[in-house]
Amino acid sequence: MAATRLAKECSVLTIAGSDCSGGAGIQADLKTFAAHGCYGASVLTALTAQNTTGVNDVHPIPPSFVSDQIRCVLDDVETHAIKTGMLCNAEISAEVAKVLAEYKAKGRLPPLVCDPVCVSTSGHTLLEEDALGVFFDQLFALATVITPNKSETELLLKTSGSPMEISTLEDMMQAAKKLSSFSSTSVLVKGGHLTSSLQDVEDLAAKNPELKVIKQNILDENMEILLVASGSEMTSRELVVDILFERDGGTTVFARPRIHSTSTHGTGCTLASAIACGLAQGIPLKDVIADASLYTHLGILTAQPIGKGHGPLNHLHSINLVNIPQITKTNPYPFTYFLIQSTRDAWKEYVEHDFVKQLGQGVLAKERFVHFIKQDYHYLKYYARAYGLLAAKSSSFNAIASATQTIINVINEIGTHKAFCETFGVTAKELENTAESPATTAYGCYLINVGLQGDEAKLIMALMACLLGYGEVGLWLKKEASRPNSWVSLDGNPYKKWIEDYSGEHYQGAVRIGIESVEKLIVADHPSPARLKEWQEVWLRCTQLEKGFWDMAMSLAK
């Protein structure tokens, strides 16, 4: 959802402790504010002597001086969100709550994100136990959202007189609801200390159909080509799952791949600060948390090791001309993922079209399939010619050879195509004499037009929607056929060979080469936002034209 205020117009305040090593506390907060384009102000609650191996000492700031700092900022700087972190003890916590309550009474308290920091990553206590009562009695009711991790949630529930151990996603969801009722605010329970799987998420969603599930950086629905290319099995991969329970009763699950990394110092500070930046811009809480979670996830993924212990995140990973994630172990094909994810509705309509479903069931009317393969014959002429244009635009012999080899492959496979058509009663002469449908001409001419007026990169975008899409369709049907009591029937299916061809190793090898060529684009070109948008529009248009090709077959359009 669109923001109501630009990031550059936002000022965000952090009220937290200092980390002299720079990875957590106000240092992490201010880096996060800057990375999101917001102006950052800070109020110190404590000085710490710490590094990546642990916290050596803590020096609390006098409570009265903490309140002086808050008033100095809020009385001068228009502040659009506040984040609290380490509050150290009951006295400081009470002073912070008192001052913020004063501003709330004046109608001047902006959205507040409360990260109830209790223990450091290394295990050092950062909050005295008597402060927890202050949180419940005075602070939480002022907050828009609180962001405890698993251990902090268990501690807070114990303090509230409702202890529970969190060992499953169901436990997390119930804990979030309980804590919300006790704290009178929305609760995000972070699951970094709980190992989960995609199956766990699906089971939770099946039991609770009202849940909204947001999957991030996960190769999942309609991304079989990326799973096969990367050799991944998503259902068994470890995930990190966070659960948001909002005061209005809505519950959202955020799932992403678990990262085995030591660069996790300041993760909670970073996430809460990123949430504050989104709330400052007026973005709804659920959308803010989705963005903040992904920002933090990528910060861990792209971090360089610093120090001898748990090092900091890379807070500045998002400061690029183009916001395409770097290649990582959990996502080796980030640009292809971006293309599919950013056009996911059109991609799903293409991959899971009724033509494809009926083909998988073996009930697709023969005349529709025959019409499709006749038109596909004509489309392949455009496709081969477009690769001829790609060869002409290529600047290296390797690229020229690759484009030329694709043309040769198409020519060689025309014989196979003709033989396949004959099994459906379509002769070579009939193939040649069949008139092109408007859908075929529209798609083919679009490819040639992109090749004539665009550059090499745009033409690759146009060609990949076909290559990768058919590979995805083949793998999707193959996966569905492997499920118990599947709706896909291969036995006796007249289109079995078509499914096997596009899900087979030969075609999937071509898909892998195509994916690699797409990924090379982003590395070689470093496109501007405007240029990236052009690529994305070409990809989307060709995805829509592919769907139009299925539509043509279903309507038998001449």
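Figured I'd write up the structure that's included with this text. (Residues numbered from 1 in each chain as written. Predicted model: local features only at pLDDT ≥ 70, side-chain atom pairs only at ≥ 80, totals over all residues. Heavy atoms only, no water.)

As for the overall build of the chain
- Across its full length, the chain holds 21 helices and eleven strands.
- Projected onto its principal axes, the C-alpha coordinates of the chain cover approximately 90 × 50 × 45 Å.
- Counting only residues that meet the buried cut, the chain has 55% of its 558 residues in that class.
- Summarising the internal contacts of the chain: among those between residues at least 6 apart in sequence, 77% fall at separations of at least 24.
- A total of about 23500 Å² of accessible surface is found on the chain, and carbon and sulfur atoms cover 53% of it.
- When the 48 basic and 61 acidic side-chain charges of the chain are each reduced to a single mean position, those positions are 5 Å apart. (Helix = DSSP H or I, 4+ residues; strand = E, 2+ residues; numbered from the N terminus. Buried < 20%, exposed > 50% of the residue type's maximum accessible area, 1.4 Å probe, protein only. Contact = heavy atoms within 4.5 Å. Areas by Shrake-Rupley, 256 points an atom, 1.4 Å probe, with all protein chains shown as cover. Lys, Arg positive; Asp, Glu negative; His and termini not counted. Charge placed at Lys NZ, Arg CZ, Asp CG, Glu CD.)

Some points on the packing of aromatic side chains
- Summed over the entire model, instances satisfying the criterion amount to 29 aromatic pairs.
- Centroid distance Phe335 to Phe338: 6.2 Å. Interplanar angle 15°. Geometry classified as stacked. Separated by three residues within a single helix, Phe335 and Phe338 lie in helix α11 (residues 334-342), roughly one turn from each other.
- When its relative accessible area of 0% is taken as the criterion, Phe335 is described as buried.
- On the numbers, 5.8 Å between centres and 35° between planes, the contact of Tyr379 with Tyr383 is tilted. In this pair, Tyr379 and Tyr383 both sit in helix α14 (residues 366-393), four residues apart, roughly one turn of the helix. Each member of the pair Tyr379 and Tyr383 is classed as buried.
- Over the aromatic face of Tyr103 sits the side chain of Lys106, whose NZ or CZ is 4.9 Å from the ring centroid. (Phe/Tyr/Trp six-rings, centres within 6.5 Å; stacked < 30°, edge-to-face > 60°. Lys NZ or Arg CZ within 6 Å of the ring centre and 35° of its normal.)

Things to note about the nonpolar core
- Phe335, Phe369, Phe372, Tyr383, Tyr470 and Trp498 are the most contacted members of the largest nonpolar core, which totals 86 residues.
- Top contributing element to this core by residue count: helix α18 (residues 456-481), with 16 residues.
- Counting 62 residues, the second largest nonpolar core, distinct from the first, contains Ala46, Val117, Leu127 and Val201. (Core = buried A, V, L, I, M, F, W, Y, C linked by side-chain atoms within 4.5 Å.)

Topic: the pattern of salt bridges
- Here the structure, examined in full by the defined rule, presents 20 salt bridges.
- Put simply, Glu221 and Lys348 hold a salt bridge, and the shortest N to O gap is 2.8 Å. Of this pair, Glu221 sits in the loop between β9 (212-215) and α8 (224-230) while Lys348 is found in helix α12 (residues 344-351), placing the two residues 127 residues apart along the sequence.
- We classify Glu221 as partly exposed; its relative accessible area is 46%. (Salt bridge = Lys/Arg side-chain N within 4 Å of Asp/Glu carboxyl O.)

Some words on the packing of α18 against helix α20 (residues 505-525)
- Between α18 and α20, the least distance of the axes is 9 Å, while the angle of their chain directions is 145°. Crossing geometry of α18 relative to α20 is assigned as left-handed. On α20, the residues that touch Ala457, Ile460, Met461, Met464, Cys466, Leu467, Leu468, Tyr470, Gly471 and Leu475 of α18 are Tyr507, Gln508, Ala510, Val511, Gly514, Ile515, Ser517, Val518 and Leu521.
- Classifying every residue of the contact of α18 with α20 gives 15 nonpolar, four polar and no charged. (Axes fitted to C-alpha atoms, helices over the stretch in contact; angles between N-to-C directions. Left-handed = near helix turned anticlockwise from the far one by under 90°. Nonpolar A, V, L, I, M, F, W, Y, C, P; charged D, E, K, R; others polar.)

A look at a negative patch on the surface
- Taken together, Glu91, Glu128, Glu129 and Asp130 make up a surface patch of like negative charges.
- Considering the arrangement of structural elements, one finds Asp130 in the loop between β5 (112-114) and α4 (131-139). (Patch = residues over 30% accessible without salt bridge, like charges linked within 9 Å, V, L, I, M, F, W, Y side chains within 5 Å.)

Examining the side chain of Gln216
- Position of Gln216 among the secondary structure elements: in the loop between β9 and α8.
- Contact partners of Gln216, with chain neighbours within four places excluded, come to Phe254, Ala255, Arg256, Pro257, Ala290, Asp291, Ser293, Leu294 and Tyr337.

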